[in-house]
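Chain by chain, the residues run as shown.
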Amino acid sequence: MLHKKLVKFDNDFLWGASTSAYQVEGANLVDGKGPSCQDVKEVPEGTSDLTVCADHYHHFKEDILLMKELGLKAYRFSFCWARIMPDGHHVNQEGLEFYDQIIQLCLENDIEPIPTLYHFEMPQALVDEFGGWKSRKCIDAFVEYAKICFQKWQGTIKHWVTINEQLIAMAASDLNGNHENDKVLQTKNMYQMSYHASLAEKKVMKLLKEIDVNAKIGVVNAVQNVYPYSSSPEDVLAAMDAEELMMYMLLDMSVKGSYSFRVKSILKNMDCYPVQEKGDDEILKSSKPDFIGINYYSSICVKENKEHRINYQLPPFFRSSMFEVCPNEHLKKTKWMSNGIDPLGIRSIIYKIYNRYALPIIITENGMAYSDVLENNRVHDTYRIEYLSAHIKEVLRAKEEGYPVFGYCPWSFIDVVSSHQGFSKRYGLVYVNRTDQDIMDCKRYKKDSFYWYKEIIERNGENI
Ligand code: BG6
């Protein structure tokens, strides 16, 4: 089909960039911050721990000035719950103060701060006390924490994010304390925890409207654009089920307040349907997000699980007797982008999500990992420019067709500790001078992608 521009491009598009607290801040046990579940996880030998990260805690002023130079219209970051509430119950004023400084400095520089309440971490005290999300007590603790944030920044924050990638947050045991040797029980726990997180999310979305009627709140999903390995009906059904279970399950809950019929039947069959209590349905129907945040790095490919046996070696959400994740032969892969690079996938996922939910969309993460090398104070990351450019083109194309996409945030603004592979896997537009084992000076260097993105923002995406 020939492409025709259907809408005029607006000037209030949020050209942004993302980070998360535990990956960027460092200072993990200072100024009253308590340990989070991230701080107690085992770090593989030779990989960076979280004591320093990009040392944003001590460099945030310099970093926000770099954001200003880049021309960012929005900065998506996260609050560390354990910095704000070290024991999960009492407020640490210094923690609130730290985030207030970030927010105020962003605003002074015309950058909209978009905070996420929960990005892969919670106070370890709550895991020790009642098992974290395994217990319904976690719902109340999360609502209390959200209330403190909503009240503190009432009238200041325009867009809030509840939970980043519930899929991964609940599936990876080291991100939530679901340490269970019995893999069957671990899987069951995960669905129960996910259900509790969904209830908490609903309560928090409702609460925001009571505290700050003008503020908007959204959910961020690790979208799974799933392709069938072949056109065999078995592979096609496997792909449908994979998408239901890994993407629509969570989004249906966030938007519609219930799982789809197919998800219900799969979970019951797996004996993983969560325990519900009287009154839950009312909570689940009590609110819905104002927008959907999409984190997209690549698509995935699945085929029929011929043995109909669950592979418990995989992270819980990828465990299924109905499908098996497999390589997509059509996509170019790199060391760190092992599922392949698929720019068209980001456009098709916008179509799918808007068709099903009809809510405004923001791309909250999209990025290219590479073991960048600093040479003569420069990083020539042409591979990243190619990746980002190809993806932005597809996003803008969807926008030109009229899909309400209101922002785009590459992951990450600056190099951060990757979720599982430390500092050798980098995504930033700004290079941080350190390695996994040597903290060096953490000096900032603008990569080629920084200068390139600056131009894209200046041109508002025209002729990319
Ligand atoms: C997303 C997360 O899943 O992907 C980020 O929201 C994460 O926290 C990013 O860093 C990239 O993943 P990784 O594992 O390469 O760091």
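Data block above holds the structure.
Note that the coordinates shown come from a computational prediction; the quantities given were computed from them, not determined experimentally. (Residues numbered from 1 in each chain as written. Predicted model: local features only at pLDDT ≥ 70, side-chain atom pairs only at ≥ 80, totals over all residues. Heavy atoms only, no water.)

A.B. asks: Give a detailed account of the sheet that holds strand β7 (residues 291-295), specifying residues and quantitative values.
C.D. replies: Spatially, the 8 strands close up into a barrel ordered β1-β2-β3-β4-β5-β7-β10-β11, and their pairing is parallel. Within this sheet the neighbouring strands show an average axis-to-axis angle of 30°, counted without direction. (Pairing = 2+ DSSP bridges. Helix = DSSP H or I, 4+ residues; strand = E, 2+ residues; numbered from the N terminus. Axes fitted to C-alpha atoms, helices over the stretch in contact; angles between N-to-C directions.)

A.B. asks: How would you sum up the nonpolar core? Please name residues and give values.
C.D. replies: Phe79, Trp160 and Tyr453 are the most contacted members of the largest nonpolar core, which has 153 residues in total. Core analysis: the next-biggest nonpolar cluster, separate from the first, contains 9 residues, Val161, Phe291, Phe406 and Cys409 among them. (Core = buried A, V, L, I, M, F, W, Y, C linked by side-chain atoms within 4.5 Å. Buried < 20%, exposed > 50% of the residue type's maximum accessible area, 1.4 Å probe, protein only.)

A.B. asks: If you had to explain the site of the ligand to someone new, which residues and values would you point to?
C.D. replies: Neighbouring the ligand are 13 residues, the closest being Gln23, Glu165, Ser419, Lys425 and Tyr427. One of the side-chain N or O atoms of His119 is found 2.8 Å from an oxygen atom in the ligand. Here an oxygen atom of the ligand sits 2.5 Å away from a polar atom, N or O, in the side chain of Ser419. With the chains in place, 89% of the 370 Å² that the ligand exposes on its own is no longer accessible. Within the shell around the ligand, the residues separate by chemical class into 4 nonpolar, 6 polar and 3 charged. (Near = heavy atom within 4 Å. Polar contact = N/O pair within 3.5 Å; in protein donor to acceptor, adjacent residues only side chain to side chain. Areas by Shrake-Rupley, 256 points an atom, 1.4 Å probe, with all protein chains shown as cover. Nonpolar A, V, L, I, M, F, W, Y, C, P; charged D, E, K, R; others polar.)

A.B. asks: Please set out the sheet that holds strand β6 (residues 226-228) residue by residue, giving values where relevant.
C.D. replies: The 3 strands lie next to each other as β6-β8-β9, forming an open sheet whose pairing is mixed. Two strands in the sheet have a free side with no partner beyond their single neighbour: β6 and β9 (323-326). Looking at each pair of strands side by side, their axes are set apart by 40° on average, direction ignored. Note that strand β8 (residues 300-304) and β9 share 4 bridges and pair antiparallel.

A.B. asks: I'd like to hear about the environment of Asn269, residue by residue, with values.
C.D. replies: When you line up the elements, Asn269 lands in helix α10 (residues 261-269). A sequence separation of 206 residues divides Asn269 from Asp63, and the C-alpha atoms of the two residues are 50 Å apart.

Any functional reading would require information that these geometric values do not contain.
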